[in-house]
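Each chain, written out:
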Amino acid sequence: MTSLPTPEGPAGLPVTNTVKWRFPGVHPEGRKFALIAGGMTLIALWAGGWFWAWPFVGLTIWVAAFFRDPVRVTPQGEGLIVSPADGLVTMIERVPVPQEMAGSQGLGDGSRVRVSVFMSVFDVHINRTPISGTIRQVVYISGKFLNADLDKASEENERQHFVVEGADGTRVGFTQIAGLVARRIMTFTKVGDIVAAGQRIGLIRFGSRVDVYLPEGCEPQVALGQRAIAGETILGRTGVARAVGVAQ
């Protein structure tokens, strides 16, 4: 009996199964908030019927959607730096390295190209590491809660800095910045942890921003106004000097 040939995909790889879309789950950090909103819905339904319950039904759906945790497939390749956040690319500019990430143990001195991704309350708020490597720094700074879309939010808002060092010694810094509505920055990693590109490293509740400091010689591969997807959109690639939309 002759067996049928196995179908092949890209680069001659055999196709063994298919991938289907699935409804995103709710991250464990958000389940308690969804339960609280659901409880309020039941109380409103019991006290006043559906007329009073409908707003709380909407609130429960929104809370569950805010903490949704979709599956992401991170692109593979040498020197790729992926977006740590979902949202809109609002700023691309060369800026001095933040003091908290400067020095020999961080990103060094001088300046880096910074790519800012703004997350609205409708975006996924799970943040992911832009490269594989070892977490070298995690620095939390208390501060204000200005609109995260403002440039000065990088220096005045509550924030948390990360520095990840790849196997080749390349270091990438990124910063979680609280926003006007955000009131808590959470992290799932610590100094010394080994992470894979696209791995979940934390979240910011209710609207915020993430800044990424690209390595020297690595220019951004995104443009202002572009939508970024955490763990999937390529922000930069080391060794590629083609810049897109950098403000000098």
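Summary of the structure given here. What you are looking at is a predicted structure, and each value in this text was computed from that prediction instead of being measured.

Regarding the environment of Tyr140
Along the chain, Tyr140 falls in strand β7 (residues 133-141). Note on Tyr140: relative accessible area 44%, which makes it partly exposed. When the C-alpha positions of Tyr140 and Thr175 are compared, they lie 9.5 Å apart, and in sequence the two are 35 residues distant. With residues up to four places along the chain from it excluded, the contact list for Tyr140 reads Glu158, Arg159 and Gln160.

A few points about the pattern of salt bridges
Overall, the coordinates contain 12 salt bridges when judged by the stated rule. Here Arg94 makes a salt bridge to Glu216, at a shortest N to O gap of 3.5 Å. Here Arg94, found in strand β4 (residues 87-96), pairs with Glu216, found in the loop between β13 (208-213) and β14 (227-228); they are 122 residues apart in sequence, far enough to count as distant. Among the ionic pairs, Glu165 bridges to Arg171, the shortest N-O distance being 3.3 Å. Using a relative accessible area of 17% as the deciding quantity, one classes Glu165 as buried. Via salt bridges that share partners, Glu93, Arg114, Arg209 and Asp211 belong to a single interconnected network.

Quick look at the side chain of Arg209
Examined against the element boundaries, Arg209 turns out to sit in strand β13. Its relative accessible area of 0% is what places Arg209 among the buried residues. Here the side chain of Arg209 touches Asp211 through a polar contact of 2.9 Å, side chain to side chain.

Conventions and cut-offs
- Residues numbered from 1 in each chain as written.
- Predicted model: local features only at pLDDT ≥ 70, side-chain atom pairs only at ≥ 80, totals over all residues.
- Heavy atoms only, no water.
- Helix = DSSP H or I, 4+ residues; strand = E, 2+ residues; numbered from the N terminus.
- Buried < 20%, exposed > 50% of the residue type's maximum accessible area, 1.4 Å probe, protein only.
- Contact = heavy atoms within 4.5 Å.
- Salt bridge = Lys/Arg side-chain N within 4 Å of Asp/Glu carboxyl O.
- Polar contact = N/O pair within 3.5 Å; in protein donor to acceptor, adjacent residues only side chain to side chain.

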